[in-house]
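# Understanding the architecture of this molecule
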Amino acid sequence: MKLRKSLLSILFVLLAVASAAHAATVTTVAGGLNAAIGQAYSASENAIYFVEWNSGELSKLNLTTGTVSVIQSGFNHPESVALLPGHPLAYVTTRDGNLWKCATGSSTRTLVASGLGEPHALVIDPAGFVAYVTDFGGGNLWKVNLGGGAHTAILSGLSHDALLRDVFAPLVAGGQVCVPHQRLLRDPEALAGWLAVE
């Protein structure tokens, strides 16, 4: 009987040690987040981008320093975020049916698609340059072409002769004309960030 209890005790200890060796370690990286959902990892930055439902923000958590910084704000209940590898861009879905393209180094953002129901999860295929978005309310899976035709920036005045070429050629070809805010024209770094997104 004693031998049996000893063997059972040894077996229990061995099982406990084996279980502990395979258990996951959980560590708090950041606290005080405001309904943080949807996240994407950037290996090149060793950072996690995430959206916060209540505050309407896209933020970045630097895993090296532990600091959190707000990248963009003013979203209507953001749901998910995905990064385009090799580009300084994050894509964000919002509960109002929109997909946004955001420059990660500035406050510039562009509406890519709307009418996506209640988008929830977002995945990007960088090879095909498309995004896949699930519709929480309607049960649809949407495929969004992220290239979406040619984008042309208008940097000259509206009275300039080249305006006809700069505006109508892209529109006739199914593209998009992008006009920067006037303050961007006075800030070369901000204009470069805007042009990278557009």
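Throughout what follows, the structure given in this document is the object of discussion.

Rules of the game
Residues numbered from 1 in each chain as written. Predicted model: local features only at pLDDT ≥ 70, side-chain atom pairs only at ≥ 80, totals over all residues. Heavy atoms only, no water. Pairing = 2+ DSSP bridges. Helix = DSSP H or I, 4+ residues; strand = E, 2+ residues; numbered from the N terminus. Buried < 20%, exposed > 50% of the residue type's maximum accessible area, 1.4 Å probe, protein only. Salt bridge = Lys/Arg side-chain N within 4 Å of Asp/Glu carboxyl O. Axes fitted to C-alpha atoms, helices over the stretch in contact; angles between N-to-C directions.

The pairing of strand β1 (residues 36-42) with strand β2 (residues 47-52) spans 6 bridges and is classified as antiparallel. Bridged to I37 within β2 is V51. Hairpin connection of β1 to β2: 4 residues between the antiparallel strands, including N46 at a positive phi of 50 degrees.

Most of strand β5 (residues 78-83) sits out of view: 6 of its 6 residues are buried. For β5 and strand β6 (residues 89-94), the ladder comprises 5 bridges, and the chain directions are antiparallel. By the bridge assignment, P78 is partnered in β6 with T94. Hairpin connection, β5 to β6: the antiparallel pair is bridged by 5 residues, and G86 has positive phi, about 85 degrees.

Evaluation of the coordinates by the stated rule reveals 3 salt bridges. Taking the shortest distance from any N to any O, the salt bridge between E45 and K60 comes out at 3.1 Å. Residue E45 is located in the loop between β1 and β2, and its partner K60 is located in strand β3 (residues 57-62); the two are separated by 15 residues in the primary sequence. By relative accessible area, which is 33% here, E45 ends up partly exposed. Note that E79 is salt-bridged to R95, the shortest N-O span being 2.6 Å. Here E79, found in strand β5, pairs with R95, found in the loop between β6 and β7 (98-103); they are 16 residues apart in sequence, far enough to count as distant. R95 sits in the partly exposed class, given a relative accessible area of 26%.

Now for the sheet that holds strand β4 (residues 68-72). Spatial strand order, β1-β2-β3-β4: 4 strands in an open sheet with antiparallel pairing. The sheet is open, and its two edges are formed by β1 and β4, each paired on a single side. Between one strand axis and the next, the sheet turns through 30 degrees on average, direction left out of account. Note: β2 against β3, 6 bridges, orientation antiparallel.

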